[in-house]
Every structure is written in structure tokens, then in C-alpha cells.
Amino acid sequence: MGKAARGKKGGPGALGPGPAAGVVRGNPFEVKVNKQKFRILGRKTKHDVGLPGVSRSKAHKKRTQTLLKEYKEKDKSSVFKDKRIGEYDTRISPEEKMMKRFALEQQKSHEKKNIYNLNEEEDLTHYGQSLADIEKLNDVLESDSDNEETGMLSAELTAAHFGGGGGLLRKKALSGQENEKDEKCKSRKELIEELIAKSKQEKRERQAQRENTLELTEKLDNDWKEIQAFLSHKTSKSETKHKVEEKVKPDEYDMIVRELGFEMKARPSGRMKTEEELAKEEQERLLQLEADRLRRMHGEDDTGTKKKPKHISADDLADGFILDKDDRRLLSYNDGRLNIEDDKDEDVEGSAGRTEDDSGEEESEEESGSEADAVDSHSDLESDDGSVEKASAGEEQERINEGNKNKLQSKDQNTKKKAAGLELPHTLAAPGSYEQLKALLLGRPVEEQLLVIEKIKKSSHPSLAVANKAKLEKLFGFLLEYIVELTAREPPELKTIDKLVLVLYDLCQMFPEAASNHVKLVLQDAAHDMEEILETRGRAAFPGLDMLIYLKIIAILFPTSDYWHPVVTPSMVYMSQLLTKCPVTTLQDVVKGLLVCCLFLQYVSVSQRFIPELVNFLLRILHMAVPSRGVQGLTLMHPFRSLDKNGSLLVISETTDAKTWQKQNLPLRMVIGSKENSKTEVNHLRLSCIDMCLDLVRRCAVLYGSLPSFQEVMNPIQILLSQHVPVSGYPAQLQELHNSILTQLETQGPHYHPLVCEKKKPVPLKLFTPKIVKVLEFGRKQGSNEREQERKRLIHRHKRELKGAVREIRRDNQFLARMQLAEITERDSERKRKVKQLFGSLAEQEGRWKAMKKKKF
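The shown structure was predicted, so the numbers you read here are calculated from the model rather than taken from an experiment.

Conventions used here
Residues numbered from 1 in each chain as written. Predicted model: local features only at pLDDT ≥ 70, side-chain atom pairs only at ≥ 80, totals over all residues. Heavy atoms only, no water. Helix = DSSP H or I, 4+ residues; strand = E, 2+ residues; numbered from the N terminus. Buried < 20%, exposed > 50% of the residue type's maximum accessible area, 1.4 Å probe, protein only. Contact = heavy atoms within 4.5 Å. Areas by Shrake-Rupley, 256 points an atom, 1.4 Å probe, with all protein chains shown as cover. Salt bridge = Lys/Arg side-chain N within 4 Å of Asp/Glu carboxyl O. Arc of directions from axis to C-beta. Patch = residues over 30% accessible without salt bridge, like charges linked within 9 Å, V, L, I, M, F, W, Y side chains within 5 Å. Phe/Tyr/Trp six-rings, centres within 6.5 Å; stacked < 30°, edge-to-face > 60°. Lys, Arg positive; Asp, Glu negative; His and termini not counted. Charge placed at Lys NZ, Arg CZ, Asp CG, Glu CD. Expected span 1.5 Å × (residues − 1). Bend = angle between axes of the 7 residues up to and from the residue. Axes fitted to C-alpha atoms, helices over the stretch in contact; angles between N-to-C directions. Parallel < 35°, antiparallel > 145°, perpendicular 65-115°, else oblique. Left-handed = near helix turned anticlockwise from the far one by under 90°. pLDDT = per-residue confidence, 0-100. Polar contact = N/O pair within 3.5 Å; in protein donor to acceptor, adjacent residues only side chain to side chain.

Caption draft 1: Molecular detail of the overall build of the protein. From N to C terminus, the protein includes 29 helices and six strands. The proportion of buried residues among the 857 residues of the protein is 23%. At a minimum sequence separation of 6, the contacts of the protein that also span at least 24 residues come to 70%. For the protein, the exposed surface amounts to about 67400 Å²; the carbon and sulfur share of it is 54%.

Caption draft 2: Examining the pattern of salt bridges more closely. All told, the structure shown has 17 salt bridges when counted by the stated rule. With a shortest N-O distance of 2.9 Å, Asp 82 and Arg 84 are connected by a salt bridge. Given the relative accessible area of 32%, Asp 82 is considered partly exposed. The partner of Arg 793 in a salt bridge is Glu 790, with the nearest N and O atoms 2.3 Å apart. Of this pair, Arg 793 and Glu 790 both sit in helix H29 (residues 786–854), separated by three residues, roughly a single helical turn. The class for Arg 793 is partly exposed, based on a relative accessible area of 41%.

Caption draft 3: A look at helix H15 (residues 434–441). Taken residue by residue, H15 has Tyr 434, Leu 437 and Leu 441 as its buried positions. The buried residues of H15 all sit within an arc of 65° when viewed along its axis, so they share a single face. Relative to its buried face, H15 has exposed residues pointing more than 90 degrees away, namely Glu 435 and Ala 439. Here the buried face of H15 lies against helix H16 (446–459) and helix H17 (468–488). Positive backbone phi, at 80°, marks Gly 443, one or two positions downstream of H15.

Caption draft 4: Focus on a nonpolar patch on the surface. A grouping of Leu 494, Leu 668 and Ile 672 is seen on the molecular surface, where their side chains present a nonpolar patch of about 210 Å² in accessible area. With respect to the helices and strands, Ile 672 occurs in helix H25 (residues 669–672).

Caption draft 5: Up close: the packing of aromatic side chains. The full count for this structure, using the stated rule, is one aromatic pair. Considering the side-chain rings of Phe 610 and Tyr 704, the 5.3 Å spacing of their centres and the 75° angle between planes classify their relative orientation as edge-to-face. Residue Phe 610 is found in the loop between helix H22 (587–603) and helix H23 (612–624), and its partner Tyr 704 is found in the loop between helix H26 (679–703) and helix H27 (710–724); the two are separated by 94 residues along the sequence. For Phe 610, a relative accessible area of 32% puts it in the partly exposed group.

Caption draft 6: Region of interest: a negative patch on the surface. Together, Glu 211, Glu 215, Glu 218, Asp 221, Asp 223 and Glu 226 make up a region of like negative charge exposed at the surface. Its place among the elements puts Glu 226 in helix H9 (residues 188–228).

Caption draft 7: Molecular detail of H27. Over its 15 residues, H27 extends 21 Å from the first C-alpha to the last, a length consistent with the 21 Å expected when each residue adds 1.5 Å. At Pro 716, H27 shows its strongest bend, of approximately 35°. Residues of H27 that are buried include every one of Phe 710, Met 714, Ile 717, Gln 718, Leu 720, Leu 721 and His 724, and no others. Elements that come into contact with the buried residues of H27 comprise H23, H26 and helix H28 (732–747).

Caption draft 8: Expanded view of the packing of H17 against helix H20 (residues 545–557). Following both chains from N to C, one finds H17 and H20 inclined at 135°, their axes separated by 9 Å at the closest point. By the angle between their directions, the pair H17 and H20 is classed as oblique. As for the relative orientation of H17 and H20, their crossing is right-handed in sense. Contact residues: H17 offers Phe 476, Leu 480, Glu 481, Ile 483, Val 484 and Thr 487, while H20 offers Leu 545, Asp 546, Ile 549, Tyr 550, Ile 553 and Leu 557.

Caption draft 9: Quick peek at the side chain of Ser 460. Note on placement: Ser 460 falls in the loop between H16 and H17. Given a relative accessible area of 4%, Ser 460 falls into the buried group.

Caption draft 10: Examining unusual backbone geometry more closely. A cis amide bond, omega 0°, links Glu 490 with the succeeding residue Pro 491. The phi angle at Gln 608 is positive, at roughly 55°, despite the residue not being glycine. Turning to its location among the elements, Gln 608 is positioned in the loop between H22 and H23.

Caption draft 11: Up close: the confidence of the model for the protein. Residues at a pLDDT of 70 or more form 64% of the protein, whose mean pLDDT is 75. The secondary-structure element of the protein with the lowest mean pLDDT is helix H1 (residues 2–10), recorded at 40, while H29 shows the highest, at 93.

Caption draft 12: Layout of the side chain of Gln 449. Mapped onto the elements of the fold, Gln 449 is located in helix H16. Looking at Gln 449, its side chain comes within polar contact range of the main-chain oxygen of Arg 444, at 2.9 Å. Beyond its immediate stretch of four places on either side in the chain, Gln 449 contacts Leu 441, Arg 444, Tyr 482 and Thr 496.

Caption draft 13: Structural detail: the environment of Lys 495. Looking at the secondary structure, you find Lys 495 in helix H18 (residues 494–510). For the pair Lys 495 and Val 446, spaced 49 residues apart in sequence, the C-alpha separation works out to 8.3 Å.

What follows is the structure, encoded as C-alpha cells:
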């Protein structure tokens, strides 16, 4: 009983009267009751009962009336809209509609046409024509037929018939007054009869004129047909010239269009070949050239490779030519006879024919000789002996000529063999050792050496075989050894080294890892040798020319701007060790050290990395140019000492030598190790070293000008140049360079400012005021005022509306998808029905045909 009572309270029967109660009585399954966990007194519930079926049917009906209609009318432009004013407004009377339309039309015409019309009178129209023009009755009626002139009414007749006669009578009266003032006006009847007679007369005249025109036209056509065959008129040159002159010259645009029409159009070309395909084609070409060279060297005949000349008849018109291939035959003669070398049989027949002709000629000569002997009865034995001697002499001369020809041919062949033997082979295998490469390159000029290396690269391209890569990698190391040998010669072949750098660069780009390994081995050996010398002797000398050239090549082959590089970084460490651990005792050491400084600046020209060893070495070199008694209180870094015996190595002993000095590069013989003989040359060399050192200081000032510590770094050099260096005894060029460096050091570099506290507004102290919070109320959140609550309420409403809009859009898409699916199924069913109908008709037709076929006629 308790459960039933509880069910009555919470069931749908407990609902109050309303629309839902009637639905419940009809169909309780259409009602959805939203149950609550707890009933709260005083709370009004809005959505305690829902009708999902009713709301769904209403939404479907609404979408059918709106969304489905828009979907069906989509992409259709056949929609007419009646834009007449007040057409569907029942509240406006027809007179008001007409007045509004007339006012709008007048407003449009006034805005467009009569902007500057100051006349306030209105011009009334009827069917687009002004009523004032219609009242004048000046319009002329045209005939419906343009070809026939019959039935046309003149202005006078029209005015008389349709104008009431008043205008015509007035016109006639005026004309009568002008012509004959005394004559009286005619009556209306007389005027009408006169008009009828005049119109008939005009009609007869037009008919007669038309007949005469037709007769003349036919006559002219007949006469023209008779004389047309005899006419062959040609325009004279003067007329043609006149016509050409009368022609208008084309515009620039027309000329450009014609030129574009005659321009060459782009044609599709073949695809770009890969590196492997190009290397393969180059190898085939070199193999062919090498085979030809070997054949020439062995003296073999190349008649088999040459094309045989082809015979051309004298009557040939040469009209069957083909541009792509020349199939014509060449003519050749031998002793006045035509040689046709088409086949061997023809050659044999030709030689047999020539022998027969020769024998025939000999027989004819003998017969003629016998006849001459018979005729000449006065001949004697002496004449017979003379003819025999002449014949023997001719045979000997022919033998001598043949021998000379054979000798000349043999000489030519020998010269060709020698020339082919001296030629470079077109295909060269990569050398397996340095001795093989040296044997290929020694004794040849620079161009041939480069050609040999290029042929080795082409013959051993990595794409042709797998082992070629290792061979070319070894070739890089062999070339480095060959550069050492070139530097050891007297004098060093620097031009050859300069050309070989290009080859090294190409190989380095092809095999960067192998090239870096070879160069690192060279640097390791040099650094290891210097360490051994330092351990044994305590000091090491600067390296030779070969190592300096290696350092120069490294800067060309590898990037020097990287923060760390496996080749460039060790080379920079090695150069810094040279500047710090190698003492300067001779002028040769000065020159080598300055060359290392030049290489250092080349290395750091892009990265602008600060090198303290470079600045320290330049300071020491400038210190050597100052007399020892003039410098006091200047500290030097290791390996330089202030009281060294070589401290005044660059001091000019005689000032007269400074006048004869000319600016030039440092001589290469100082790097090699040759010594100077005269004091003048030594002083000139010192001045050249000072000039180069000052130039390096200027370049360092430009390079390190952006450093914050520029003034501190360059301050010792500035003091030395401004106070201690004896510039007065130097040439004018060095003095100018010295002054420019001092001005640059003084002006360049950042200028420091004293430290000052930053000016800013003082921050007030925090006030520890209590935070007052209102008592929590129902439906409000803690710590929120009315404005914040309104803001949160709007945010909540926005989220709710957004969700509802998204839900409606999703339902609209589902509705459209169902409609589209229904259309597709309807079309498919219609198509299936028609196909089935067609198959049925065809089956019926086939059955009838078979039945007719079975009948016996």
C-alpha cells in the first residue's frame, strides 16, 4: 500500500491540469517525466514534464517548410519578384498606387535628366511620347513595305484626310498669298480633287521610272557579258604605287603582334642527364679517342672506319635529298678514270678492265709502230736502238717515282706514329702510389699536368665503378705530397700549385670526409714534430714554405666561419702555437710570423673571432722596431722578453736607405731561407716588414672595432706607435700609414659612460588592509560582486546558447542528409524500375521473335 501511495504522489497522474495531462490520457508513452531526487519547497520547476514526440514533429514540420524549401531552390535563378510599388498592399487604393509610382518615376527622371532644368512646368507623356508633340500632328506615317512605293500617302493628303483640312487650307492660303495675292482661295472640294489628281500623276511617273530603270539594267547586263571576255585590264605601276602610298601604315601594336606571330616558339627538350649518365658518356668518348690514338700509333689504316664515296650520276637532279642524313656519293678519279668503290667485285672488274685497256693500248702502239716502220723505208738500226733506250729509261723513271712515293708514304706514317706516341692517352687509370703520379706529371708543362689529372678524374669517376671512389680519395693525398715537392724546388713552382688548388677543391667537394682526414694527418704530423722539438731543444722554429701553403689551402678548401670545424679549428690552434712558442731571432722568422698573422686574419675575417696571440705578436714586432733605450715600462708577453739580444731586429741602421725604399711585397726568398748580402737590402727588408706589420694593425683595428674591450686591447699598440716608434726616419708612405692608424685607434671603439642609478618612480609600501567578504547567499559564489555575477551569468547564457545553436545546426545537417538520401534512393528505385521495364519489354520482344521464327511459312 505504501508503494502505491508513493507512486501516486510521484507519478504522472499527480500532475496538474494542462496540455500534458490531455496527452497523457491519450498516449502516456509520449510524455517524458524529469524526476528530481529531492523536492524543494518554494522552487518552481519549468521542465518537469517534456513532450519529445510533439517537439520533434514540430521541428520536422518547420524544417520542411523552411530548410527543405531553401534546399530545393538552391542554385536556381528562375525566381520572379514583383517589385511594383504597393502591388500586394491591400491598404492602398489603386489611385494612391498610381500616384506613388508616378512620383517615383518623376523623381528618377528629374535626378538623371533634368538636373539643370529650372523650368517648373511638367512635361506629360503618353507611351513615351510628349503630349505637346502629339498635338502638333507633325508625325509622318511610314509604309509597311520598304520595297513597294505603292500606297504611300503624302503629307498633304494625310493632313487633308485626317487633319480636318484646317492645316492644309491655311498652308495653301499662305502659299497663294505669296505667289498670287490677287487670286482667291479655293474651296475644300477643289483642293481634294487636285490632291487626288496629283497623287495619281505621281504614281504613274514612279511606275514609268521603275520600268525604264529595269530596261536599262537588263541592257547594261547584256552588254557587259558580251565585252567581259575581251577585257584583261592590268593596273599600271603608277596606279599600284599610288595605292601602296594610300595604304595606312600599321600601328606599333599591330607590328608587335605580327612579330610575336613569327617568333620562335618553345620546343620541348630532352630531360637533364644525371651525373652518372654524363660520366658514362664521357668515358665512352675517351675510350673511342684512345682507340683511335693507339691505332694511329701502330700505323693501322683507318679506311675501314671511313665512309666509302658513293657514285652520283651526271643526270641526277639531286631532288631526293634528306636533311637529316646525307646519302650522296663522292666522286674520285685515278689517272683520269672514275673510281667506283661500291663492292669488291666492281673493284676487281675495274682493275681487270684497266689492264685490258692498257694491253689494248700497248698492242695498238705496237701496231702503229710496225705500220710506221713499214711506211718509213728510210729508217735504220740507230732509230730502233734509240726507241728501245727511251722505253727502258721511261720504265726506270717510273720505278724511281714509285720508290719515292713509297718513301714519302713511309715517312708520313712514321711521323704519324711518333705524333700519336707523343700524345697524351685519353684514358688514364688512377695511380696506386705517389711514384706513379709523379711519373705521369714530371717533365710536363702545367697545362698538360692539369689535363692528366682531369683525365684521371673522368676515367675513374665514382659512378663508373665501386672502387673508383677509393682511388680518387688516394689521389687527393698524392696531390698534397706533390705540392710539398713543388715547394721544395728552386724556385718553388707557385703557379702550378695555384692551378692544383682548383683540382683539390673539386676533389674536396666530392669526398669531404676523406679530404679532411688527409689534411688532419698533415696537421697532426706538424704539431707532433713541433712538440718533439720543444721537448728536446726547448724552442722550435717556424715551419717551412710547404706548411704555410698547406695553411693557405685549408682556408680555401674548408669553411672558416664555423664555431668548430674538424680541420679549421686544429689549424688555428697550430697557428696560435706558432705565434706563442716559436721565438723570433732572424728576419726570416719575422717574415714567417707576419705570413702566419695574415693567414690568421683571413681565417677570422668572417667570424670576427678575437685572437690574442695575433695582437701580442704584432706588438712584439713593433717593439723590435724601437731602439732598446727608448722603451721603458712596457711589458711583453711570452715568448718575447724585453732585454732580449734580438730586441732591435727591425731598427733602421742608416736613414739614407729609407729614401730609396719602395713599397713592395715581402720577397719569397726570405721564407725559403736565402740571406741578404748588403746592408741596404737588409734595411729595405726591415722597412717592408714594418709596413706589413702596420697594415696588419690597421686591419685588426677594423676587425675588432666593435669589441667592448677594444681600447684596452689596442692601448699598448697605440702607446708604442705614438711615443716610441721612430717615425721621423721612415719614408713618407709609412708616415701616412702611421698617422692614419693612430687616428683610427683614437676614434674607433666604444666610449664608456659613468655608472648612474636608474631613474624610476618609487614603489609605495604595501598596506595591510583587511579584506571584507560578504556573507554567502544562495545562488552566489564566494568573493563576487554584482558586476562579476552579471558577467558570469552572461557567460553561462552564452555557453548555453552556443550549445543550442550547435545542436540545431547538427540536426539541420542530419535532416538535409536524410532528404538527400531519400532523393538518391528514389532516383535509384526509379532507375531500377525503368531498367526492369526495359528488360521486360526486350524479353517480350525476344519471345515474339522466337515464336515467329518457329512458325512455318
